[in-house]
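As a plain string of letters, each chain reads:
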Amino acid sequence: MSDSGSFSWTVVVLTCQHKDTVYCFQRELELRKQHGSLSQGALVLTVQDRQEPVGSGGATLNALLVAAEHLSSRAAHTVVTADVLDDAHILILHTGRDFPWSSCSRAFCWLPQEKHDQRVQAPLCCLDLLLDCLSNQICPGSPPGVWVCSTDMLLTIPPDFALSWEGFSGVRVLALPGEVSYAANHGVYLSDQQGQVRDIIYKGTKEQIQQAVMSDGKVPLVSGPVFFSRSVSEKLLQTHVTPPLDGCTYLGLDSGAPPLKISLFLDLVKCLCSDLSQDQFVSEERAGCSSVGGPQGAAVRSGRTELWRILRGTPLRLVYVPGGRYDYLTLSGKQHVDRLTCDWIDGNTLSHIQIKSGVSDGGRVINSVLEGDVAVSTGAVVQHCHLQGPLEVPSGCLLSGLELPTSACIRQLALASDIIIQGHRIQLGELKVNVYTVMGAHDHLEVSSDDGSASFLNQRWSHFHSRTGIQPDELWVSGEQRSLLEARLFPVLHPRGGAMGLEGGVGWLLGGVGSLQRWREAWRLSLKEVLSLTQQEAELHWREELLFLAGRRRVTDALTNRTDVCLLPCFRAAVLGGQQGALLETLDSIAAGSGAGPKRQTGPGAELGVAARCLSCIADVLVCMAGGRGGLRSGPAANKAWRSAYMLLEEGDLRGGVSALAMQRSQWLSRPDLLVRAARHYEGAGQVLLRQAVMSSQMFISIGRGEVPPLEEWQEVECPARLDLAGGWSDTPPIAFEHGGSVTNLAVKVDGKRPIGAMARRIREPRLFLVSHTGGRDSGISTETVCESLDDLKDYCQPHAPGALLKAVCVCSGLVSLSSQHSLGEQLIQQWGGGLELHSWSVLPTGSGLGTSSILAGALLAAVYRCTGRTYNTDSLIHAVLYLEQILTTGGGWQDQVGGLVGGVKVGRSKASLPLRVEVERLSPPEDFLVSLEQHLLLVYTGKTRLARNLLQDVVRSWYSRLPSMVQNAQQLVANSEDCAKACSDGSLSGLGLCLDRSWQQKKLMAPGCEPASVKAMMEALRPLVLGQSLAGAGGGGFLYLLTREPQQQQTVLQVLNNTPGLGDFSVHAVELDMDGITVLPQS
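Procedures and definitions
- Within each chain, residues carry numbers counting from 1 in the order of the written sequence.
- Since the coordinates come from a predicted model, pLDDT governs what is reported: local features require at least 70, and pairs of side-chain atoms require 80 or more to be given and counted, while whole-chain, interface and lining totals use all residues.
- With hydrogens and water set aside, each side-chain value is computed from the structure's full complement of heavy atoms.
- Strands are runs of DSSP state E lasting at least 2 residues, helices are runs of H or I lasting at least 4, and numbering of each runs from the N terminus.
- Every residue pair with non-hydrogen atoms within 4.5 Å of one another is taken to be in contact.
- Counted as positive: Lys and Arg. Counted as negative: Asp and Glu. His and the chain ends are not counted at all.
- Here the site of a charge means NZ on Lys, CZ on Arg, CG on Asp, or CD on Glu.
- Any two strands with at least two DSSP bridges between them are considered paired.
- Axis definition: a line fitted to C-alpha atoms, limited for helices to the stretch in contact. Angles are taken between N-to-C directions and run from 0 to 180 degrees.
- By definition, disulfides here are pairs of cysteine sulfur atoms that lie within 2.5 Å.
- For every residue, the accessible area obtained with a 1.4 Å probe (protein chains only) is divided by the maximum for its type, and the residue is called buried under 20%, exposed over 50%, and partly exposed between those limits.
- Definition of nonpolar core: a set of buried residues of the types Ala, Val, Leu, Ile, Met, Phe, Trp, Tyr and Cys, connected through side-chain atoms within 4.5 Å.
- A pair is scored as a salt bridge if a Lys or Arg side-chain nitrogen falls within 4 Å of a carboxyl oxygen belonging to Asp or Glu.
- These descriptions rest on fixed angle ranges, namely under 35 degrees for roughly parallel, over 145 for roughly antiparallel, 65 to 115 for roughly perpendicular, and the rest for oblique.
- Amino acids are sorted into nonpolar (Ala, Val, Leu, Ile, Met, Phe, Trp, Tyr, Cys and Pro), charged (Asp, Glu, Lys and Arg) and polar (every other residue, Gly among them).
- The rule is simple: put a 1 Å grid over the protein atoms alone, call a set of points where a 1.4 Å probe fits but cannot get out a cavity, call an open set with protein on both sides within 12 Å along at least five of seven lines a pocket, and count a residue as lining if it has an atom within 4 Å of a point.
- Grid points are joined across faces, edges and corners, and a volume is the space filled by probe spheres set on the points.
- Within 6.5 Å between ring centres, the rings of Phe, Tyr and Trp (the latter by its six-membered ring) count as paired, and their orientation is classed by plane angle as stacked under 30 degrees, edge-to-face over 60, tilted in between.
- Charge-over-ring placement is defined geometrically: NZ (Lys) or CZ (Arg) within 6 Å of the ring centre, and within 35 degrees of the ring normal.
- Note: pLDDT gives the predictor's confidence per residue, expressed from 0 to 100.

1. Some points on the overall build of the protein chain
Within the protein chain, the regular secondary structure consists of 35 helices and 41 strands. In terms of overall dimensions, the protein chain has C-alpha extents of about 120 × 75 × 55 Å along its principal axes. Taking all contacts inside the protein chain whose residues are at least 6 apart in sequence as the whole, residues at least 24 apart take part in 70%. If you average the places of the 92 positive and of the 107 negative side-chain charges in the protein chain, the two averages end up 2 Å apart.

2. As for the sheet that holds strand S31 (residues 768-774)
Strand order in the open sheet formed by six strands is S32-S31-S33-S30-S27-S41, and the pairing between neighbours is mixed. Pairing within the sheet leaves two strands with one partner each, and these edge strands are strand S32 (782-787) and strand S41 (1079-1080). Relative to S41, strand S27 (residues 715-719) is paired through two bridges, and the arrangement is antiparallel. Bridge assignment links Glu718 to a residue of S41, and that residue is Thr1079. Against the sheet, helix H25 (residues 804-812) makes contact with S31, S32 and strand S33 (835-842), and its axis sits at roughly 135° relative to S31, the strand it touches most.

3. Digging into the environment of Cys273
As for its placement among the helices and strands, Cys273 is situated in the loop between helix H8 (264-269) and helix H9 (278-283). When the C-alpha positions of Cys273 and Leu190 are compared, they lie 9.0 Å apart, and in sequence the two are 83 residues distant. Excluding residues that lie within four positions of it along the chain, Cys273 makes contacts with Val197, Arg198, Asp199, Ile200, Arg312 and Leu316.

4. Looking at the state of the cysteines
Enumeration according to the criterion identifies zero disulfides in this entry. No disulfide involves Cys24; its sulfur sits 6.9 Å from the nearest other cysteine sulfur, which is in Cys104. We classify Cys24 as buried; its relative accessible area is 7%. For the unlinked cysteine Cys139, the closest cysteine sulfur is that of Cys133, found at 8.3 Å.

5. Some words on the nonpolar core
The biggest cluster of nonpolar side chains holds 213 residues, and the ones touching the most others in it are Phe456, Trp461, Leu489, Leu509, Phe571, Leu768 and Leu838. Among the elements that line this core, the one with the most residues is helix H20 (residues 606-626), at 14 residues. Among all residues touching Trp461, those that are not within four sequence positions of it are Ser449, Ala454, Ser455, Phe456, Leu475, Trp476, Leu484, Ala487 and Leu489. Formed by 58 residues, the second largest nonpolar core is a distinct cluster that contains Ala63, Val146, Leu264 and Ile310.

6. Digging into the pattern of salt bridges
Scanning the entire structure with this criterion turns up 50 salt bridges. In this structure, the salt-bridge partner of Asp86 is Arg230, at a minimum N-O distance of 2.7 Å. Of this pair, Asp86 sits in the loop between helix H2 (55-74) and strand S3 (89-94) while Arg230 is found in helix H6 (residues 230-238), placing the two residues 144 residues apart along the sequence. Taking relative accessible area as the criterion, Asp86 reaches 42% and is therefore assigned partly exposed. Within the structure, one salt-bridge network assembled from shared partners comprises Asp620, Arg633, Glu683, Asp954 and Arg957.

7. What about the packing of helix H22 (residues 654-665) against helix H23 (residues 672-694)?
The geometry of H22 relative to H23 is characterised by a closest axis approach of 12 Å and an angle of 170° between their N-to-C directions. Viewed along their axes, H22 and H23 adopt a mutual orientation that is roughly antiparallel. Between H22, through Leu654, Leu661, Ala662 and Arg665, and H23, the contact on the second element is made entirely by Tyr682, Ala685 and Leu689. Along the lines of polarity and charge, the residues of the contact of H22 with H23 split into six nonpolar, no polar and one charged.

8. Section: the sheet that holds strand S18 (residues 386-388)
Taking strand neighbours across the sheet as the criterion, the three strands line up as S13-S15-S18 in an open arrangement whose pairing is parallel. Looking at strand neighbours, the two that pair on one side only are strand S13 (352-353) and S18, the edges of this open sheet. By the bridge criterion, three bridges tie strand S15 (residues 369-371) to S18 in an arrangement that is parallel. Each residue of the ladder has a partner; that of Val369, found in S18, is His386. In the packing of helix H17 (residues 536-560) onto the sheet, the strands contacted are S13, S15 and S18, and the crossing angle to S15 comes to about 55°.

9. A short note on the side chain of Thr406
Along the chain, the position of Thr406 falls in helix H12 (residues 406-412). Apart from residues no more than four positions distant in its own chain, Thr406 is found in contact with Leu387, Tyr436 and Leu502.

10. A look at empty space enclosed by the protein
Counting across every chain of the model gives six cavities of 30 Å³ or more. Considering only enclosed or pocket space, the largest cavity measures out at about 210 Å³ in volume. Around the largest cavity, the lining comprises 19 residues; the ones closest to its centre are Glu28, Leu31, Pro123, Glu544 and Leu547. Where the lining of the largest cavity is concerned, the elements lending two or more residues are helix H1 (21-35), H17 and helix H18 (568-576). Partitioned by chemical class, the residues of the lining of the largest cavity number 11 nonpolar, three polar and five charged.

11. Examining the packing of aromatic side chains
One pass over the full model with this rule turns up 17 aromatic pairs. Judged by centre distance (5.1 Å) and plane angle (85°), the rings of Trp165 and Phe168 are edge-to-face. Of the two residues, Trp165 and Phe168, both sit in the buried class. Residues Trp508 and Trp519 carry aromatic rings whose centres are separated by 6.5 Å and whose planes lie at 40° to one another, so their mutual orientation is tilted. Of this pair, Trp508 sits in helix H14 (residues 502-509) while Trp519 sits in helix H15 (residues 516-521), and the two are 11 residues apart along the sequence. Trp519 matches Trp508 in its accessibility class, with the two residues each being buried. Grouping aromatic residues by their ring pairs yields a cluster made of Trp147, Trp165, Phe168 and Phe227. Directly above the aromatic system of Trp165 lies the positively charged group of Arg172, at a separation of 4.5 Å from the ring centroid.

12. Structural notes on the confidence of the model for the protein chain
Here the protein chain averages 93 in pLDDT, and 98% of its residues register 70 or above. Predicted confidence for residues 596-601 stays below pLDDT 50, and this span has 17 contacts to residues more than four positions away or in other chains.

13. Brief notes about unusual backbone geometry
A cis amide bond links Gly389 with the next residue in sequence, Pro390, at an omega value of 5°. Tracing the backbone shows Pro390 in the loop between S18 and strand S19 (391-393). Cis geometry is found at the peptide bond from Leu914 to Pro915, where omega equals 0°. Mapped onto the secondary structure, Pro915 falls in the loop between strand S35 (905-910) and strand S36 (918-922).

Here it is as structure tokens:
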């Protein structure tokens, strides 16, 4: 099912029977506009029928008048004018009569299906399916005019169905196929071979119906949709000033005109049928219509005469839809339960089920909360209920609208199969009360109790009277039809006990607690009376209350169980429903560690991982509350008002920090701009927790003691760059520890050199002399930073501060302690016998995409460890860099240091757990493959500096939101990395090329906007020459790496690029595999 975006309605009118439904049904239509299932530009109206029945035709005339009146007013006319119909597409939907199995009419009967791609979480009702069918399959392409349809059925249209409107004029009716036997209680169209409708046969004989049989052996049922062209719509609009037809409209009511009952099909449409004469149309008696011989006979004949005069001569064409399906929602409880359990696949629809195994495959739970052990058998339905187990719902049963306290009564009842128990919210004057009804699914509501097929609770009435002692005269008064629908069975109020609940009232009818005397003393209602007194606003409110309660509990489950469920639709629904306060409280509780649910991750940092996602979710809710206003989502998050909350989080006080955040949040809810700024600060708080979670990897850093080199002796290391072949982004926290990561990459020299290096030596002066070289060790361009006090080091965690990386290395390596009572000089002398001189360099440009900063951090740590006499292994260096980058607040993943510190071709992996541990597998490809790889691999510097400041933040945000595309892409990233590793191990250049291309497509999905136009042009120009290509790293600029089809293609690539306009300053570089990784250079 897709959003109704294919056809744009000018006006959608919903007619309803009861006055109290107008406002609540109007809200339902407005919600559908907000959800996107109705176009934003549509005018939505809810119109009450006249209190006296005016039939579907009368309701249509009244709805068209109201629509035209609103359009006229909107066009600044002072009277109703048909000119507004010129370009209007109007849809009139009729809700019809009460439906016993859904207290809010058939239109808003919930179905056991969810739209899994929906932007806003919302129920799927009969109305929604009908809107989708009309807007996307039936109506597209239709000219201006009026579509009319009832909402009492489900329509299924074949996906390849398309209507042609060429040469159309008049009226068109849609018919779906049905069996001859079914048509005996229904209406069918009789048409000629050209599709002109000759007659409508309603509840005809078998012989009459047989005349309508189509070539497929089925008959065309009167199935709902009718289209009136613009010219015919104007004629219909005239009726509001044409007595006695004006009695169908509210203007007629206000003018004192008597009501007139008109049928849509048997009056408005039938008068166009070619086989009818005027006398037949005006004077014949028709089932389901007002009698021409009754008290209103003259008015009926007069009304039909006017319809004939106004409409006769209009072409009426039939569109038959072979392969379609028409499912009318009858009064049969059995049919309705079967419909809900057989025609849909979702067992759990917008519900929270604590013990999911209790619901069998064929059971259905719709918009309910089931606590404890609630068993729902195959063929049973629970809808709009809040129940507490232990409790069993047998097959064929329907429980609807039941509150939590009813669980105890149901538990005590020995429920049989095929029993229907419903709770209704009714209003008696000023009194609002809940009343309960029970039925058997096999009971016939409208059959007389004297009929042989009549039953109550699936048993003959005589058995019921015998079992309970209730007499027929206590159920019906003289003159009433003695049907189950009108039997006053259901206790509502007791003179001494007030409102009667399920227990002691209706429960007694099922064999539970109670007595005949108490039943007789109670004031009782029939099902028909209950339905007429139902307060539909209260019913919709109860459904909403359950929807949001179930939603909050599902949010709790998703977060505490660390599932990949996208919660944004739920958040948007809660905000649109005004439930953001309760939702934020729920998220606060989970973030603070109070949320229920099993804890699958028990390692250090696991709680922080959940809390970090919660804070990101709170940011999502705040942005939803801003409603698309208030500025960009990304922005600064260091307002001093939030500082105390941040400090608590930094100090490890999770509960206190979350509470302080919530307190501060309460002051930022009044305007969209404040909401967006608050969201930024929640993301900032989430980053604090994410860093702390990742820092749990510190436990995998193992540093030993060795011989301390002499003063002034340089310890120099150099490293290759890395090329990420596949899997990049899956190494990024939190993806790396919530989903698990896998990256296959290469260690490479660029133009024959290891481009990254560091050296350190101990010096006599008790200070830190830090030098960062730009453009290479011997370039002469450097930044020098001298630290002579601990204060000089305090900006080590600010990435853009001078010498920040080198300062962070000094702190994270344990060279100095900022929390020590001793000065910097004292620490250096006491620990290391002097100060330290530390140099770093890279010949690679900023934003190269080759992992420079992380690899450089590894080189610096190694140099510092060596010059201070400490030992390490590569595994410890990898985790030390991961830890350092959290301290430095740059975040990022682990693949860069894996790529540059470990030589050759390898796969780095991390499991979906905390603490975050990186495991590296060095691959052993065939030697000839490695030689060939060097000959086919090239680097192209694109001339574009990667401007990716918010790339990481955007990716993390999308992952925390669990956008389905993001989750799927993360899975594919890991799979592609493993495929890439296999291609390398198998020595397949072509297989590797495919993985490179896939990797680039995945990177673009991960971070939209990472492909500048000039880079796209460059890649297109090079495509014929390559087996695969990708921008290195996150993309956006930097280096492009190519796996060429032919070896030694540097000059060819250069020539192609020189001939491609608009590329800017690019350069082509040779690549050489580096099998050693980080290398300690010998003393010179």
